[in-house]
Amino acid sequence: MKEYEVLESGFVSIPDSEFEVRAGMLDVEILHSSEVNIIARGRRYGRWWRLKGLTKQHRFSSVDRRQLQSEFELQSRLLIPGVAQAVGFEEIDGLGGCIVEEWVEGRKLSELLQEGKLTKQERRKIIREIIRIVGYIHSRGVAHRNLNPSNIMVRDAGGGVVLNDFGLADTDGYGDDIYSLGVIMKELCPEYGRIAARCTGPAKKRPKDTGKLLKSLDRHDRLPKVIWSISGVAVLVVLGMLAVGYINSLIAVARADQEKILALTELNRHQKQHVTHLADSLTGVINRINRTEDEIKGMDNYSEMRKQAYLATSKKINKTLDDFEKNVFPMFKGQDVAFYDSIVALHKKLQYICNTAYTVKNIPVFKEDDAYIFYDEAIGYYTINFSKYYMVWLAKLRNYKLTEQGQPDLISRAIALDSIVAEEEAKRAEKKKLEQTKESEK
């Protein structure tokens with residue numbers, strides 16, 4: 001070796017003002033080997049390059065060599081930071097023909113997922129970048145056909161996403177990429193589960209392209225805000241209507257009790273007249289007294305049946321809410337569509353309980369005129385108790401999100417305190433109502 005020759009590839013100084021470019025690949029190191037391919041890296045011009053070649057058994061196979069060249073041709077079309085740039089196809093000492101491409105300083109997405117340190121915001125950013133990159137390579141007439149977390153790199157500098165390993169790439173098979181995006185989405189962003197299911201479902205129902213897939217993600221991200229706004233308005237309207245209905249029911253109960261008192265007063269007046277006119281008929285007087293006692297007893301029995309029916313309905317409502325609290329609510333970690341679907345189903349169950357609370361079947365002597373009063377009482381009880389549970393559920397979901405982001409559990413404490421106050425107010429109202437009922441019965 002001449003004294004002016006050096007081991008570093010690149011431009012070197014030669015005596016007599018001559019210059020020479022050393023383009024050899026130095027420090028070649030095999031990183032991974034499969035049945036057909038080898039992955040290595042080498043240094044040239046002071047930087048690292050990724051080398052993809054064939055194993056010794058396949059190095060002289062014209063089919064495998066042509067496949068490797070075809071991979072280079074497809075990958076070299078793609079000139080964006082999101083795809084590892086293929087700069088050449090060269091003969092490398094000891095490796096044979098190799099694709100020479102950009103060396104990406106970063107980590108595989110599969111490694112980051114295994115660590116579990118990615119935040120929700122970072123995960124959403126990564127999946128959107130992957131979809132945009134796939135959309136670009138599709139626009140260039142290339143389908144990757146081997147998308148998975150092991151073939152996706154995340155740069156150390158800036159966190160950009162880079163796709164590599166185009167060994168199965170082709171000019172068709174875009175539907176395969178949409179399917180693979182759905183599989184990656186399930187693992188990377190579970191909150192997009194429904195969208196991912198469409199991607200991995202029947203081919204006819206999959207998004208036609210990555211643009212439509214991105215629009216689906218945008219709609220999903222906006223949905224909780226829209227639902228929260230609509231729910232807030234709906235709750236205010238419902239509470240207002242229930243308040244008016246409850247007041248009207250109290251007025252109706254008072255009127256009914258007043259009419260009963262007037263009816264009893266009139267009955268007593270007639271009885272006194274009959275006693276006066278039929279003083280000589282002791283038997284008649286005794287019979288009238290007995291009939292009056294039977295009527296009073298019947299009223300007591302009816303009141304007791306009404307009370308038992310109300311208690312039975314209350315227990316059914318409480319059991320339904322408790323079952324949802326223990327068995328359904330723990331499945332949710334956020335205010336997603338599935339959570340609100342379950343809330344709608346719960347509303348239907350509670351509404352059914354109220355609709356079937358007081359019927360001729362469970363109260364044979366049921367008075368039809370009281371049906372609306374009984375129904376309003378059941379609805380009022382269901383609404384008040386559901387509201388308490390619902391506030392606590394929302395607080396827990398918000399608290400889960402806050403604690404996941406490392407914030408203090410303040411909302412849950414405030415909601416818990418409000419729930420305790422509301423429960424005490426409900427108990428006082430129930431006690432007052434029972435006292436009024438007993439007083440009216442007297």
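Up top you'll find the structure we're talking about.
This text gives an overview of the structure that appears in the document. Every value quoted in this text rests on a predicted model; they were computed, and no experiment measured them.

Turning our attention to the pattern of salt bridges. Applying the stated rule across the entire model yields 20 salt bridges. For Glu73, the salt bridge is made with Arg66, and the minimal N-O distance between the two is 3.2 Å. The exposure class assigned to Glu73 is partly exposed, which follows from its relative accessible area of 39%. Between Lys319 and Asp323 there is a salt bridge, with its nearest N and O atoms 3.0 Å apart.

Let's shift gears to the packing of helix H8 (residues 337–355) against helix H9 (residues 371–404). In contact at an axis separation of 10 Å, H8 and H9 are set at 160° when each is read in the N-to-C sense. Judged by the angle between their axes, H8 and H9 are roughly antiparallel. Like other packed secondary-structure pairs, H8 and H9 cross with a definite hand, here right-handed. Residues Phe339, Tyr340, Ile343, Leu346, His347, Leu350, Gln351, Cys354 and Asn355 of H8 form the contact with H9, whose own contacting residues are Tyr375, Ala378, Ile379, Tyr382, Phe386, Tyr390, Trp393, Leu394 and Leu397.

Under the definition given, this model contains eleven aromatic pairs. Aromatic side chains Phe324 and Trp393 sit 4.7 Å apart centroid to centroid with 40° between the ring planes, which places their arrangement in the tilted category. Separated by 69 residues along the polypeptide, Phe324 in helix H7 (residues 282–328) and Trp393 in helix H9 bring together distant segments of the chain. On the accessibility criterion, Phe324 (5% relative accessible area) is buried. According to the relative accessible area criterion, Trp393 is buried, its value standing at 0%. When the ring of Phe386 is compared with that of Trp393, the centres are 6.3 Å apart and the planes differ by 80°; the resulting orientation is edge-to-face. Under the relative-accessibility criterion, Phe386 is labelled buried at 8%. Counting every residue linked through ring pairs, the aromatic cluster contains Phe324, Phe329, Phe332, Phe339, Tyr340, Tyr382, Phe386, Tyr389, Tyr390 and Trp393. Its end group placed over the ring of Trp48, Arg41 keeps NZ or CZ at 4.0 Å from the ring centre.

On to the nonpolar core, then. It is characteristic of soluble globular proteins that their nonpolar side chains tend to be buried jointly. Judged by nonpolar contacts, the single largest core of 35 residues is most densely connected at Leu109, Ile130 and Met185. Those elements giving two or more residues to this core turn out to be helix H2 (109–115), helix H3 (120–139), strand S9 (152–155), strand S10 (161–163), helix H4 (174–188), helix H5 (193–199) and helix H6 (210–277). In terms of residue count, the dominant contributor to this core is H3 (seven residues). Once residues within four sequence positions are removed from consideration, Leu109 is found in contact with Leu118, Ile126, Ile130, Pro149, Ile152, Val154 and Leu188.

Thresholds, definitions, all that
- Sequence positions are assigned chain by chain, starting from 1 and proceeding in written order.
- Local features are withheld for residues below a pLDDT of 70 in this predicted model, meaning they are given only at 70 or higher, and side-chain atom pairs are given and counted only at 80 or more; totals for whole chains, interfaces and linings count all residues.
- Side-chain metrics in this entry use all non-hydrogen atoms of the structure; hydrogen atoms and water are not considered.
- By salt bridge we mean one thing: a side-chain nitrogen of Lys or Arg within 4 Å of a carboxyl oxygen of Asp or Glu.
- In this scheme, a residue with accessible area under 20% of its type's maximum is buried, one over 50% is exposed, and one in between is partly exposed, where area comes from a 1.4 Å probe on protein chains only.
- Here an angle of 0 to 180 degrees is reported between the N-to-C directions of two axes, which are lines fitted to C-alpha atoms, with helices fitted over the stretch in contact.
- Only DSSP runs of H or I reaching four residues or more are called helices, and only runs of E reaching two or more are called strands; each is numbered from the N terminus.
- Angular relationships are summarised with four words: roughly parallel below 35 degrees, roughly antiparallel beyond 145, roughly perpendicular across 65 to 115, and oblique for the angles in between.
- Less than a right angle of anticlockwise turn of the near helix away from the far helix marks a crossing as left-handed, whereas a clockwise turn marks it as right-handed.
- Contacts: residue pairs with any heavy atoms within 4.5 Å of one another.
- Centre distance within 6.5 Å is the pairing criterion for rings of Phe, Tyr and Trp, where only the six-membered ring of Trp is used; planes under 30 degrees apart are then read as stacked, over 60 as edge-to-face, and the remainder as tilted.
- Consider the ring centre and the ring normal. A charge sits over the ring if Lys NZ or Arg CZ is within 6 Å of that centre and within 35 degrees of that normal.
- As used in this record, nonpolar core signifies buried Ala, Val, Leu, Ile, Met, Phe, Trp, Tyr and Cys residues forming a set joined through side-chain atoms within 4.5 Å.

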